[in-house]
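Reading the structure
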Amino acid sequence: MLVVFVIPSYLTYKRTGINPFRFNKEESAINYVGKAYKILAACAFVLIVINAFFPSVIQYLTPIEVLETEYLCWIGFGLLHLSFIVIFIAQRNMGNQWRIGIDDRNKTNLVTKGLFSWSRNPVFLGVILVFLGLFLIIPNVATAIILVSGYLIIQIQVRLEEEFLSTQLGKEYHQYKKNVKRWLL
C-alpha cells in the first residue's frame, strides 16, 4: 500500500501542490465508494494479519477447502505481484495526473499512453487482481466477500469516472473510449 498508493500520491503532491486524494466528507456516490474502499482495505489488512500471525483463527472464517491448494496459492502470489507491477506502471504512466477519486477542481489531461493504450483502467484492473490474488491465497468466505464487494465497488467507481470524463473531456474521451477497452477484453 505504501509503495503503490501513499508514496506516488505524496510525490504527485510535492510536484504539483495538488492533493491526489480526492475523496471528502461530502454526501456523494464517489465519496461513498471511497469509504467502501477504506473498509475493504482494512478488512483485507486484518485478514492478512490473522493469516500471518493467528492462522488457527482462519478456520472460523469458513475456508473453501477445495481451493486450498498449493498451486492456487502460488497463482494468487503471482497475481499479487503482477497487480503491484501493473499499478506501479500505470501510476508512472499517469504522472502528475494521478488521483484517487474524481478531481473536479483541477484540470487533468487524458492519459492514453503506456498501459492506458491497452486498458482505460489499468490501476483498477490491478486492484481487482489484488482481491483475486488474496482470495486464492486465503480462500474463505471473508476473502470471497472482499473479492466480490471490491469488484462491484470498482465497477461503480469506473462508471462514475467515465461519466465525469465524458462531461469534462467530451469528444477526446469518447474517441478514446471507442479505441480502448474498459479492461482488456
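See the structure shown above.
Residues numbered from 1 in each chain as written. Predicted model: local features only at pLDDT ≥ 70, side-chain atom pairs only at ≥ 80, totals over all residues. Heavy atoms only, no water.

Next up on the list: the overall build of the protein chain. Regarding its fold elements, the protein chain presents 6 helices and 0 strands. Listed N to C, the secondary structure of the protein chain is α-α-α-α-α-α in terms of helices and strands. For 185 residues, the compact-globule estimate of 2.2 N^0.38 gives 16 Å, and the C-alpha radius of gyration of the protein chain, at 17 Å, lies within 12% of that figure. Across its three principal axes, the protein chain shows a C-alpha extent of roughly 50 × 35 × 30 Å. The 185 residues of the protein chain split such that 44% are buried. In the protein chain, 76% of the contacts between residues at least 6 apart in sequence involve partners at least 24 apart. When the accessible area of the protein chain is evaluated, it comes to approximately 11,200 Å², of which 67% is carbon and sulfur surface. The average position of the 18 basic charges and that of the 11 acidic charges among the side chains of the protein chain differ by 10 Å. (Helix = DSSP H or I, 4+ residues; strand = E, 2+ residues; numbered from the N terminus. Rg over C-alpha atoms; globule rule 2.2 N^0.38 Å. Buried < 20%, exposed > 50% of the residue type's maximum accessible area, 1.4 Å probe, protein only. Contact = heavy atoms within 4.5 Å. Areas by Shrake-Rupley, 256 points an atom, 1.4 Å probe, with all protein chains shown as cover. Lys, Arg positive; Asp, Glu negative; His and termini not counted. Charge placed at Lys NZ, Arg CZ, Asp CG, Glu CD.)

Time to look at the side chain of glutamine 97. Note that glutamine 97 resides in the loop between helix H3 (70-94) and helix H4 (122-137). Accessibility expressed as a relative area gives 18% for glutamine 97, which makes it buried. In terms of polar contacts, glutamine 97 uses its side chain to reach the backbone amide nitrogen of asparagine 109, at 2.7 Å. Each residue touching glutamine 97, except ones within four places of it in the same chain, is listed here: Lys107, Thr108, Asn109 and Val111. (Polar contact = N/O pair within 3.5 Å; in protein donor to acceptor, adjacent residues only side chain to side chain.)

Relative to the elements of secondary structure, valine 180 occurs in the segment after helix H6 (171-179). Each C-alpha atom, one on valine 180 and one on valine 86, is 17 Å from the other, the two residues being 94 residues apart in sequence. Not counting residues within four places of it along the chain, the set of residues in contact with valine 180 comprises Phe116, Ser117, Trp118, Ser119 and Arg120.

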